[in-house]
Structure formats: structure tokens, C-alpha cells
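These are the residues of each chain, in order.
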Amino acid sequence: MNFRDFLKNNTVYLDGGTGTLLQERGLRPGELPETWNVTRPEVITELHKAYFDAGSNVVCTNTFGANALKFSPDELEEIVRSAVENAKAARERSVSPREKFIALDIGPSGKLLKPLGDLDFEDAVGLFKTTVGLGAKYGADLVFIETMSDSYETKAALLAAKESCDLPVMVSCAYGESGKLMTGGTPAAMVALLEGMGADALGANCSLGPGQLMPTARELLEYASVPVIFKPNAGLPVPADGKTVFDVTADEFSDIAAELVREGVRAVGGCCGTTPEYIKLLCEKTRDISPVTVAPKDITLVSSYASAVRFGDRPVLIGERINPTGKKRFKQALIENDLDYILSEGVAQQEKGVDILDVNVGLPEIDEPAVLKNTVEALQAVVDLPLQIDTSDPAAMEAALRRYNGKAMINSVNGKVESMRSVFPLVKKYGGVVVALTLDEKGIPETARGRLDIARRILSTAAEYGIEKKDIVFDPLTLTVSADPAAALITLEAVRLITSELGARTSLGVSNVSFGLPGRGALNGTFFALALENGLSAAIINPYSAEIMKTFCAYKALKGLDENFAGYIAAARDLPEASPAAGAPPASSGGTGEGSDEELGRAIVKGLKDRAAVCAKEMLRSADPLDIVNGVIVPALDRVGAGFESKTIYLPQLLMSAEAAKSAFEVIKDSLAGGGKPADKGTFVIATVRGDIHDIGKNIVKLLLQNYGFDVVDLGKDVPPETVAETAEKLRAPLVGLSALMTTTVPAMEETIRLIRERAPWCRVIVGGAVLTKEYADMIGADKYAKDAMEAVRYAEEVIGTSALE
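Residues numbered from 1 in each chain as written. Predicted model: local features only at pLDDT ≥ 70, side-chain atom pairs only at ≥ 80, totals over all residues. Heavy atoms only, no water.

Enquirer: Outline the pattern of salt bridges, supporting the account with residue identities and numerical values.
Expert: As enumerated under the stated definition, the model contains 53 salt bridges in all. Of the charged contacts in the structure, one is a salt bridge between Glu122 and Arg402, with a shortest N-O distance of 2.6 Å. Here Glu122, found in helix α6 (residues 121-137), pairs with Arg402, found in helix α15 (residues 394-403); they are 280 residues apart in sequence, far enough to count as distant. Lys774 is the partner of Asp778 in a salt bridge, and the nearest nitrogen-oxygen pair spans 3.0 Å. (Salt bridge = Lys/Arg side-chain N within 4 Å of Asp/Glu carboxyl O. Helix = DSSP H or I, 4+ residues; strand = E, 2+ residues; numbered from the N terminus.)

Enquirer: Tell me about the pairing of strand β18 (residues 472-475), and please be specific about residues and values.
Expert: In β18, alternate side chains face the same way, and those of Ile472 and Phe474 on one face and Val473 and Asp475 on the other are all buried. By the bridge criterion, four bridges tie strand β17 (residues 433-437) to β18 in an arrangement that is parallel. Within the sheet, the bridge partner assigned to Val435 lies in β18 and is Val473. In this fold, the crossover linking β17 to β18 by way of helix α17 (residues 448-464) has right-handed handedness. As judged from the two bridges shared by β18 and strand β19 (residues 505-509), these two strands associate in the parallel manner. Across the sheet, Val473 pairs through a bridge with Arg505, a residue of β19. (Buried < 20%, exposed > 50% of the residue type's maximum accessible area, 1.4 Å probe, protein only. Pairing = 2+ DSSP bridges. Right-handed = clockwise from strand over helix to strand, strands pointing away.)

Enquirer: Please set out the sheet that holds strand β5 (residues 169-173) residue by residue, giving values where relevant.
Expert: Read across the open sheet, the eight strands follow the order β1-β10-β7-β6-β5-β4-β3-β2; overall the sheet is parallel. A single partner strand is all that each edge strand has here, and the edge strands are β1 (12-13) and β2 (58-60). Bridging between strand β6 (residues 201-205) and strand β7 (residues 228-231) involves four bridges; their strand directions are parallel. Within β7, the residue paired with Ala204 across the bridge is Phe230.

Enquirer: Describe the domain arrangement of the protein, with residues and values.
Expert: Taken domain by domain, the protein consists of domain 1 (3-286), domain 2 (311-574), domain 3 (596-672) and domain 4 (683-805). Each side of the interface is counted separately: domain 1 has seven residues, and domain 3 has six residues. Roughly 620 Å² of surface becomes buried between domain 1 and domain 3 when both sides are summed, with 79% attributable to carbon and sulfur atoms. Area buried by domain 1 at its contact with domain 3 is led by Leu116, Met182 and Thr183, which between them contribute 54% of it. Seen at the junction of domain 1 and domain 3, the total is zero salt bridges. Across the domain 1-domain 3 interface, the total number found is one residue pair in polar contact (both at pLDDT 80 or more). Here the residues of the side of domain 1 that touches domain 3 sort into three nonpolar, three polar and one charged. (Domains from an automatic or database assignment. Contact = heavy atoms within 4.5 Å. Buried area = accessible area lost by both parts, 1.4 Å probe. Polar contact = N/O pair within 3.5 Å; in protein donor to acceptor, adjacent residues only side chain to side chain. Nonpolar A, V, L, I, M, F, W, Y, C, P; charged D, E, K, R; others polar.)

Enquirer: Describe the sheet that holds strand β15 (residues 387-390), naming the residues involved and giving the relevant values.
Expert: Two orientations exist for strands paired in a sheet by backbone hydrogen bonds: parallel and antiparallel. Taken together, eight strands build a closed barrel; the order of strands is β13-β14-β15-β16-β17-β18-β19-β20 and the barrel is parallel. With direction set aside, neighbouring strand axes in the sheet form an average angle of 30 degrees. Strand direction decides the pairing type here: strand β13 (residues 316-322) and strand β14 (residues 356-359), joined by three bridges, are parallel. Residue pairing in the sheet places Ile322 in a bridge with Val359 of β14. (Axes fitted to C-alpha atoms, helices over the stretch in contact; angles between N-to-C directions.)

Enquirer: Could you give me a rundown of helix α26 (residues 696-707), with the residues and numbers involved?
Expert: Here α26 spans 17 Å end to end across twelve residues, near enough to the 16 Å set by a 1.5 Å rise per residue. Within α26 the residues assigned to the buried category are Ile696, Lys698, Ile700, Val701, Leu703, Leu704, Leu705 and Asn707. Those residues of α26 that are buried lie in contact with α24 (625-645), α25 (651-671), β21 (683-688), β22 (711-714), β23 (735-739) and α30 (789-800). Backbone geometry just downstream of α26 places Gly709 in the positive-phi region, at approximately 95 degrees. (Expected span 1.5 Å × (residues − 1).)

The following block contains the structure:
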């Protein structure tokens, strides 16, 4: 049976853990488990067979870390070929009567993608394509992308799978205790991204036990219109009698998983610490539970890497300021490639309360595909709002959509046949909510019914491409009343008809209505209110317009969308009585005041590294370098760090703030007499342990420690214990940090600590990684378990001291 057909009508039972069971069978510390496909095929085959016999429908090949970063092309092909053959052999030998499928298992690369790391998006796509292509070549039935903690890498892997084979693709991410990915993505944001790109199933695995992961699964069920996967760990690893065990029994695990199957989970299994016994009990306890039909959700979502915006809950505001039309300074910034100005505009609009940023860079003097792609990438590094990609150039649209981290809003398509032929394939491939203008080859209809008819035709054509109504937002077009006094009434009626008769979402460019007339703010605000009352879902607006923002806040208050009138009260206090001249942003957001403490601190907090360097240079004209470091830069970093620790700021903002601080530090170092530099607090040796190539966590800790004044000696990844101990001894380092992502490499961490104790007994050891807990760290002899990078920094300061500069 075809897996897609099986998935439609059945609960799919997945397999359980692999790495922990291979350790029990003799996998040595630092040994790559994928090599056992070739060197110990009988062990891998027997493990797969045990899962099939326990009731698994799907067994994942032993290829979690099989990629070109670890293996040569020939080695990789041999490993993937052997992995699929081992799974096939297990399927043939299994005594279970259930349907059986082989999933090519794809895990994370271990790298952060640019701009947060050093792996380019297209290089990541190529990396995953190679492995997926081999899996398809040797007969895998589906692709299972799992344990992803970064939405951008998840997109790269899914895109690679879609572009290199036609197999079904399931995607599962690793959510933390906060219910979010390491890089901040919410379940709703991941549903938007993955469903938009055509994943056959999506869900959550690893990181946590079934009880802790249950709220995440329920949120996925709320939003997803495709089957949801639930594949948690057997709790957390804990020490027991000198061994590592997991704290959730098979009986407890299967009870919780069975409850979620009743609620609608359609693919269920286990991750770290689970065994065939867990799967057997799970199958027995859910045997009589009928699969819950996967119901389509009529939810319009756009997303960034971190969050989703849902249309329909309240009016959605789209900031219009990143657009060269009528903006001389913005045009200059585009021509001069002044990204700092553009980023500042995006940050300022976010602070004004918009939900989405429109991004239009269309100028004849520039290479629009390249500039739009670069602008989208740069904006996503400093703001966490979804973007509306605004272009009439299909090449520019695809360039931006391919690199966009999330599910974008796309502006726009229209009723012309050629427009739909150009845009709809891009929406289908990359996902997105597309703005559809109600015009066609004949122009803009003069009646509301005429615009409704075009909307119907657009919906019909979109369906032919597999694009649902929920992914289309209609723009019935705002025309100026100075040219036609009836224009506003026609547009308002079109909004009402599209909303009531089609049940579709709508958006308008509000300010067009008043073009050519004085006192435009009053007209814009009133028109906006009328449109909202006629059902308008979203509006492209100038967030610096007091009239528009007052209308928005008053509307929410009067419609019961503003609990305790908190938004209205804040707006009444903060908004001026009149808009700034010509609807421009306040002067402070345009780049003045670079030499102030406030501006430098803001640049660091917002991750504006070019601005931070400029501000530091200006401050040096009148301030002592050490005062700038201790009075501005370090407090700004502390503010961001505190936000990270309290889960109000996530990894991308933390890293971009660190980069901005680094930029300011460099300016200050260059200014010191004799070319000197601030003295380091102390030496910190850091490494990813032997057998583990995942260096994301290590690199994050390194960057933050450097910004706090530590001399970091980075030994890299897959580092032998002897090298770490020798370096600590040679440098008399007071601190060593060790990182491991995989359960199979934790024994190498224990061995490294043992050698450090022998050769550098004065040295404190900090450990961290997704598979570790405080109890486990204590068991292997570490001095400190750091659950995140900021905790490592705090401990280092406690041990070494708090003076940033001599």
C-alpha cells in the first residue's frame, strides 16, 4: 500500500529510540552510529525487526546523522544504501501482520544557518538533497525529517526533499519546555510553514517526555489540517546505579500517548529512551481507538521564524513604510545599499505595533531580485514579525520566498491569466498567503459585484493549483475619492460582499482613498473605520498616523477585542493629537542621536550591528571607552540576556544583539591607545565532544562569552578527550565548556571530564546540550550544568570574576 493512502485512514505507529539501544549493544563513546549500517548490519536489522514485531508501521533508517559534513560521498552512499537494505531485511523477517514502511531518517546538520551561523541556506538544501536522493534511489518509502530545532533548517530540509524526490515527507520538530523551538518558533508558526510547503504530516519529537510535550501536541492539533505526529522521549535521562535511565515507564508513556491518539494524533511513536516494549504497549492500548478524521482548519496564518499571525481574531495591521514610493530617503538607501536605514524602519514599525511588515524595494535602478532577497534576510535577522513580500517581478518574488524563514504574505496576484500562471506555482511550492487584487485584463470593475466576480474566478483558478481559500486575501482596491466620489462606497461594498458571500479574508491600502485632498488623516481614519465595520480583515497602513492608530485602538475597544481597554488606554496616553508632518516617522526613528547612551543601547538590544558601530564611534568623541563598555554595552547585553532567560527573547535576537555588541566592541578596541584592547576576564576552553559534529550550542556560548570579555579557546567539534585535557593543562584554564547533542556522545563527555580531573584538577567544567540534565551532569562529574548559553555566562562570571576590563 502507498504510505500516503495508509496515512489517510489509519493511525500510524512509528518506532522508538535507536542511539540509546545501540549503546547497550556496544556502541563506543564517539563512535558514529551510522557506521554500524556497514560494520554491524545484523544489529541494526535486529533492532528494526524488534520494532516491526512490536507493532511499528514505520521504521526509521539508521541515518539520523548521515550527511556530507560527516562522511565522504562514497562513505555516505554506502551508509545510506546499507541502512535501507537493513530496514528492508527487517521488514521481510518480521512476523507482524501490520503494514510496514521504511522512512529515510533525516536529522539536523548540527549547524546554524546564516545569519545566525555559518551555513548558507542553499548549502543546507544541497546537504539534505544528497542524503534524500540516496534514500530515494535505494528504495525508502518516505522521508522523515526529525528533531529539528530551527525553522530555517527545517525549511531547507523540506525543500530539499520536495525538490529531489516525490516521496511522502513527514516533519517533526524538537520543542523545549517553553513550547517553542530553540530559535523561538511556536507550534502555530511551524504549522504555517510546514503545511504551506506541503508536508504530509507534522509534529513534535524528542526533547521532552510525553506529559511535557502534550501541550505542544494539542496546539499542533488546533492548527494543523494534516496528520499530527507525536514522538516524545521516555522522559528525561537520570542516573541510576551508575547507568543512565529515563524516568517515564512504558506503561506511563503509552497511557499519555493513547490519550493524544483519542484527541486526534495520527502518527505516534517514541524517541530517546523508548524501546520496542514502549511501542508494543502503545499499540495494545490504542488498538480499539478509531483514527480521528483529520479535519481541514479554515485558519489563515502567516508566520515568521518565531510567531504566527492569525487572520480573523482581530484586524491585522501591515506596516507600509518599507517602500520607495514617494520616499526620497528610502530610494537613496536602496540605491546606496544602506540596509541599516531599512532595518531601522522595520524595527521602528514593529515598535509602533504593526503585525506584518510590507517589503517593497522596486526601483528600476537596482537588481530587484537580489536586493529583495537581501532585504528580507536582513529584516528577519532583527525583527520577528512576518513579512509581506511586495513585488510584481516573479523572479524577485521567488528569490525572496525561497529564502524567507516562515510562511510569508505575498503581494500580489490578480485576475489576469498571466499573473495567476506566474504567481500561483510559487505560492504552492514555498507556501504563503497571497493578496489577490480584484482586477483583470479589462482593468478594475466599476462595481462591487464586478470585483466579486473576479474574486470568484481567482478562487477557482487557485484551487486548480491546490491553493485553498484560506491562503488568499482579497484586495478590492481602494481608489481615491477625489477622482470619483463613489469610489469609497464601491470598495466598502466589495469588502462586504467578499466577506459575506465568499467567506474570504480581505485587505486594503487605506491611505489611497484620500490622495489629492487636504486633511488626509481624517479621511483615512474614517474610511478605515467604515472598512472594518464592513468586515475588513487587514489593512496596509502608516503606523505613524495618529488617526489610523486611534481608529484601530478605538475599534478594538468598542468591539470587545481589547481586554480591560489596555490597548486603548495606552494609545490614548502615547499617541499625539495629530500625525507627524506628511505621515513621517518621528525624528528619533530616522537615525539621529547616534552618540547617545540610549541609541547605542537600543542598537545592541535590537541587533543593529552597523548602527551600533556608528553609535560607539560617536560616543567616543565625548565619553571614556571603559565607561561606554561598562555603562552601556554590558548593561544592554544583560538586558537581552535577562529577556532570553525569561523566554521573552529567543535565540535569533540574542545572537544578533551579541553581534551588535561585538561591532561596538571592535570600534572601542581600535580607539584604545597603542592599538591595545580590553583585557580578558580569563580563559575559557570550549569544545564539542568526540563523535559529535553538532556545534550550534558551543558557538552560541562562545559568542556570548567573547562579548562578556572572556578569552575563548575554541577547539571545535568532534574533539578527543586528550586534546581538551591537554589544552586546559597547558593554558591553566580555569574553565572548560563541553557540549553534546546526541545521547551516543555523552560517554565521550564523561571520559573528557575524567581526563581533565587528572591533568587539570583546578579546572571547573560546564556541560550543556539537549540530552543533558543536572542529574546527569552530576553523575558524569561536571561542576555545572548550564541549560542555556546565558547560564554558562553567568557561571563563568561567578567563577572568574566580573571585571570586564583592566
